[in-house]
Structure formats: C-alpha cells, structure tokens
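# Structure assessment
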Amino acid sequence: ASSFARMFVQVCLYFYCKCLWRCLKFVVRKLTGQCELQRICYNTKPGAARTMKIEASLKGSKSKRLQTSVSVHPDAIEKTIDDIMELKRINPDINPQLGVSLQACLLQIVGYRNLIAEVEKLRREPYDAENPQHEEMLLKLWKCLKPNSPLKARISKQWCEIGFQGDDPKTDFRGMGLLGLYNLVYFAEWDTEIALQVLSDSLQPKYSNAWQYLDVNILFFLLSQLSKAEWEKKKFDKAIGYSFAIVGINITDLAYNLLVSGALKTHFYNVAPEAPTLTHFQQTFCYLMHEFHKFWIEEDPLDIMEFNRVREKFHKRILKQLQNPEMALCPHFAASESLINM
C-alpha cells in the first residue's frame, strides 16, 4: 500500500510539474514576445550550452513535428527550420538570425546521431583476413609504427612488438571490430610523433636508479629514515609497461561508450561548428590515448593487473570534465577556427 501511495504521489507530481512548466513557458512567451527557442538562441552563446538546450527543448515539445526534428536527414534540415518557424509563428524576415542559429544546432544534433550510427557500423564489422582492404590497413599500422623494421611474415611474433597478444592481430579486434583498427591507424598516421613515443614508453618501463649515484653518507641517512619495504618501493620508481595495441582497442571502447552515452556531446558541440564526423571521433581517440598514457604513468601502478582500476579512474575523470558545458577535450583538433557567433 505504501509503495502504491508513493507511486501515486510521484505520478501526480510529474503531471503537476509538467503542466506547471508549460504554463510558465506560456506566461514567459506572452511577457517577452519570444518562444523558448528564440530565448535560447538569443541568450546563450554558440556551442554545447546552446545546442544541448535546443535539443532538450525540441525533444520536450508537445509537438510531434518538433520532437522528430532532431532525427531528420541532414538534407532536410533547411525545410525542418522552415517548419519550426511556421509552427512557432516566427517571421523569418524579422528574425533572420534565428534560422541560422537553429540550423547550426540541428546540424550538430543530427550529425551526432549519424556519427553514432557510423561508429557502430565500424564496431560491428569484424576484421576479415580475406579482405585486402583490411589487410592493407593492418600492414599500414605496422609501417607507421615500425618504419625501420620490415615485417618478416603476415603471421609473426613481431606483432607483439606493437602490443598485440599473439602472432595474428586479427583475433584482438573481436571486441571493437574495424573501429579499433581504424583508430590505431589514424593515431599512428596523423599523430605519429606522440604515437611512437607512447609505443616506446609502453615497451620500455623506466627505472629511476639514481640511488646508485648517491653519496654514501646520504644513502645511509635515507636508509635510516625508511623501512626496508619503503626503501624497496622508492628504489624502483617504475612506470609499468603495457600492450600498446591492446590498450588502444580498450581506449576505443572507452571512446565508443562516451559517444553512445551522449557524454561526448559537450566536446563535439564545442569543437565542430556543424556536424561532428568520424575524423572528430578519431582525433578524440588520439587525445584519450595520449592522456591515458600520462595518467597511467602518474598512477604508477604496481603491475598490469591494475589496468582496470586505472582505466575506470581515468574514465571518471573524463566524464567529470565533460560535465562542463564549455569543455573541449582537444580544442586544437577543432575542424574549424571560424566558429562565429551565430
């Protein structure tokens, strides 16, 4: 009985708030002479803050035409803007800038949905060793990361040198399909210097053996201040290595989940003046790979078994950053520097 009562109260509260909100919107429109879409566009600067408010307004509208406007084909956006202006009884001649602002927002909203579909298609496509294009991309990855070391055979233990688990990398792409390979190739080809540095660090854990060169008196003093266990821990200030390619596929999974959950809207709406593309996603992957590598070293894990803990902590850090509507994870990757005040 108590659970039914709580449910009844929640339902009543929901409808009360919904009706109250619509009444408030009606009153504000009468007082300002502007609909909610106008108020958002005129009072919020372009970027994620504006686009996300426009998206929420359209989805929350009682009009089916407005609700479906966030999922139209990109070619139908101009007509959709005309329909919105007509439905809201807004004169485009008096409000010319509104149409431009709405179009920019809809391009981002629709583009984000299409990007999810494109990324999902790549993720679902398995690596096929009989497909020459797949094989060509895989060999390209090797050439980018190991330009001075020819691959002796297609099935070879050499693949472990760039962080695959066995003699044939195709088995490692099962989780993320072609998406994992696409991201790794993009990182190696377009952010080569960073990719090579990350690969080098992952293969060669660094040991700080400066203690060997300390003056004997200083060394004796340090030993007297530390227990044996503490000294052993300090003696080897290590950065544990990891499998570069496997971690790349894992970070692809992280980027994919950020995209599908909608968390990356903040970033993409701030860096893509129009529709975010696969290139934006791959550039974001490059950023995440670099940042995770730095984060891994900062965390200084005891061994590779701590990978999931470090990854989860890194994931939470990125999610927290993306809660800021002005956040752009990698602004230097912006598709255009001309994000004007539309």
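Our subject in this report is the structure included herewith. (Residues numbered from 1 in each chain as written. Predicted model: local features only at pLDDT ≥ 70, side-chain atom pairs only at ≥ 80, totals over all residues. Heavy atoms only, no water.)

## Considering the overall build of the protein chain
Rules: A helix here means a DSSP run of H or I that spans at least four residues, while a strand means a run of E at least two residues long, and both kinds are numbered starting from the N terminus. Exposed residues in this analysis have more than 50% of their type's maximum accessible area, buried residues have under 20%, and partly exposed residues fall in between, with area computed by a 1.4 Å probe over protein chains only. The contact definition used throughout considers only heavy atoms, calling two residues in contact when any of these lie within 4.5 Å.
Regarding its fold elements, the protein chain presents 15 helices and two strands. The proportion of buried residues among the 342 residues of the protein chain is 42%. Restricting the contact set of the protein chain to residue pairs at least 6 apart, pairs at least 24 apart contribute 69%.

## Quick notes on the pattern of salt bridges
Note the threshold: A pair is scored as a salt bridge if a Lys or Arg side-chain nitrogen falls within 4 Å of a carboxyl oxygen belonging to Asp or Glu.
In the structure shown here, the tally under the stated rule is 18 salt bridges. Residues Lys 313 and Glu 299 are paired through a salt bridge, measuring 3.2 Å at the closest nitrogen-oxygen approach. With Lys 313 in helix 15 (residues 307–322) and Glu 299 in helix 14 (residues 278–299), this residue pair connects regions lying 14 residues apart in the sequence. A single network of salt bridges, built from pairs that share partners, joins Glu 299, Glu 306, Arg 309 and Lys 313.

## Concerning unusual backbone geometry
With a phi angle near 55°, Arg 89 is a residue other than glycine that sits in the positive phi range. Despite not being glycine, Asp 300 shows a phi value in the positive range, around 50°. Topologically, Asp 300 is positioned in the loop between helix 14 and helix 15.

## Comments concerning the packing of aromatic side chains
Keep this limit in mind: Pairs were defined over the aromatic rings of Phe, Tyr and Trp, the Trp ring being its six-membered one, requiring ring centres within 6.5 Å. Orientation was assigned from the angle between planes: stacked under 30 degrees, edge-to-face over 60, tilted for the rest. Here, a charge over a ring is recorded when the distance from Lys NZ or Arg CZ to the ring centre is within 6 Å and its angle to the ring normal is within 35 degrees.
On inspection of all chains with the given rule, the structure shows 15 aromatic pairs. Both rings, one in Phe 292 and one in Phe 314, keep their centres 5.4 Å apart while their planes meet at 80°; by these two values the pair is edge-to-face. Here Phe 314 lies in helix 15 and Phe 292 lies in helix 14, a separation of 22 residues in the sequence. Here the two residues Phe 292 and Phe 314 agree in accessibility, since each one is buried. Taken together, the aromatic side chains of Tyr 242, Phe 292, Phe 295, Trp 296, Phe 307 and Phe 314 make up a single cluster linked through ring pairs. Geometry around Tyr 112 places Lys 265 over its ring, the cationic atom sitting 5.7 Å from the centre.

Any link to function would need more than the numbers given here.
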